Amino acid sequence: MLILLDIDGVMVPANSWKKPEFHEDGFPMFNSKSVNALQKIISETGASLLLTTSHKSKYNITQWRNIFKSRGIKAKHIQRLSSDSLHSSRKDEILDWYKAKHIPNEGFVIIDDDKLLNDLPANIKNNLVLTSPSIGLTDELAENAISILKNKAYAYA
């Protein structure tokens, strides 16, 4: 199972009037409620992370592991989309991943604040949990994500 994860507007609230706090590693701090919500999804489903964030190429996988670990998130496996988001929309990146790399019958959930993802084809959009950019990932949204992942797991069992 995979969590396709954005960072800004999901783990780091995107409030234009407030500058984010930064961790000693130079990356913004994650919202503590979002950390708890993401960890709950990971703990209950065993899902791995696939980073879709525009920051994905700025750090290697070891650095990403350290970023998540230092913020209290225990992810077994972290990957990142390989495409360049400066040249593709998030929607196009996810479509490309789905066509080229998605393993049939593997459950996945997309957690993002990009409203353009509402234009994904229905079979992919059904896996979307859309956050409010100024709030980020909440417990309620985490429950939705867990439900999506578990329903996919049962459907293919």
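Residues numbered from 1 in each chain as written. Predicted model: local features only at pLDDT ≥ 70, side-chain atom pairs only at ≥ 80, totals over all residues. Heavy atoms only, no water.

Quick notes on the side chain of Asp6
Relative to the assigned elements, Asp6 resides in the loop between strand E1 (2–5) and helix H1 (32–45). A relative accessible area of 3% places Asp6 in the buried class. Excluding its chain neighbours within four sequence positions, the residues that come into contact with Asp6 are Met11, Thr52, Thr53, Arg90, Ile111, Asp112 and Asp113. (Helix = DSSP H or I, 4+ residues; strand = E, 2+ residues; numbered from the N terminus. Buried < 20%, exposed > 50% of the residue type's maximum accessible area, 1.4 Å probe, protein only. Contact = heavy atoms within 4.5 Å.)

Brief notes about the sheet that holds strand E3 (residues 78–80)
Strand-to-strand pairing in sheets goes through backbone hydrogen bonds, with the strands running parallel or antiparallel. If you walk across this open sheet you meet the five strands as E3-E2-E1-E4-E5, and the pairing is parallel. Of all strands in the sheet, those with a lone pairing partner are E3 and strand E5 (128–130), marking the two edges. Neighbour to neighbour, the strand axes of the sheet diverge by 25° on average, direction disregarded. Relative to E3, strand E2 (residues 48–51) runs parallel, the two being bridged by three bridges. Bridged to Leu51 within E3 is Arg80. Seen against the sheet, H1 touches E1, E2 and strand E4 (108–112) and runs at an angle of roughly 155° to E1. Those strands touched by helix H3 (residues 90–100) are E1, E2 and E4, and its axis lies near 170° from that of E4. (Pairing = 2+ DSSP bridges. Axes fitted to C-alpha atoms, helices over the stretch in contact; angles between N-to-C directions.)

A short note on the packing of aromatic side chains
Evaluated as defined, the whole model comprises nine aromatic pairs. The interplanar angle of 65° and the centroid separation of 5.5 Å between the aromatic rings of Phe30 and Phe68 together place this pair among those described as edge-to-face. Remark: Phe68 occurs in helix H2 (residues 61–70) and Phe30 occurs in the loop between E1 and H1; sequence separation between them is 38 residues. Each member of the pair, Phe30 as well as Phe68, is classed as buried. Clustering of aromatic rings is evident, with ring pairs tying together Phe27, Phe30, Tyr59, Trp64 and Phe68. (Phe/Tyr/Trp six-rings, centres within 6.5 Å; stacked < 30°, edge-to-face > 60°.)

Re the environment of Trp64
Considering the arrangement of structural elements, one finds Trp64 in helix H2. On the basis of relative accessible area, Trp64 is assigned to the buried category, the value being 0%. Spatially, the C-alpha atom of Trp64 lies 10 Å from that of Ala75, the residues being eleven residues apart in sequence. Filtering out sequence-adjacent residues up to four positions away, Trp64 remains in contact with Ile7, Phe27, Leu51, Thr53, His55, Lys56, Tyr59 and Ile78.

A word on the pairing of E4
Most of E4 is tucked away, with five of its five residues classed as buried. Where E1 lies against E4, four bridges are found, and the strand directions are parallel. When the bridges of E4 are listed, Ile3 appears paired with Val109. Of the strand pairs in this sheet, E4 and E5 are connected by three bridges, and their pairing is parallel. Pairing of Asp112 across the sheet is with Leu130, part of E5.

Examining the pattern of salt bridges
Across all of its chains, the model carries six salt bridges by this definition. Of the charged contacts in the structure, one is a salt bridge between Arg71 and Asp25, with a shortest N-O distance of 2.8 Å. Of the two residues, Arg71 is situated in the loop between H2 and E3 and Asp25 in the loop between E1 and H1; the sequence distance between them amounts to 46 residues. Relative accessible area serves as the criterion here: at 7%, Arg71 is assigned to the buried category. One salt bridge in this structure joins Arg90 and Asp112, with 2.6 Å as the shortest N-O distance. A residue pair is termed long-range when its members are at least 10 positions apart, and Arg90 in helix H3 and Asp112 in strand E4 qualify at 22 residues. Judged by relative accessible area, Asp112 falls into the buried class, the value being 0%. Through salt bridges with shared partners, a single ionic network connects Asp6, Arg90 and Asp112. (Salt bridge = Lys/Arg side-chain N within 4 Å of Asp/Glu carboxyl O.)

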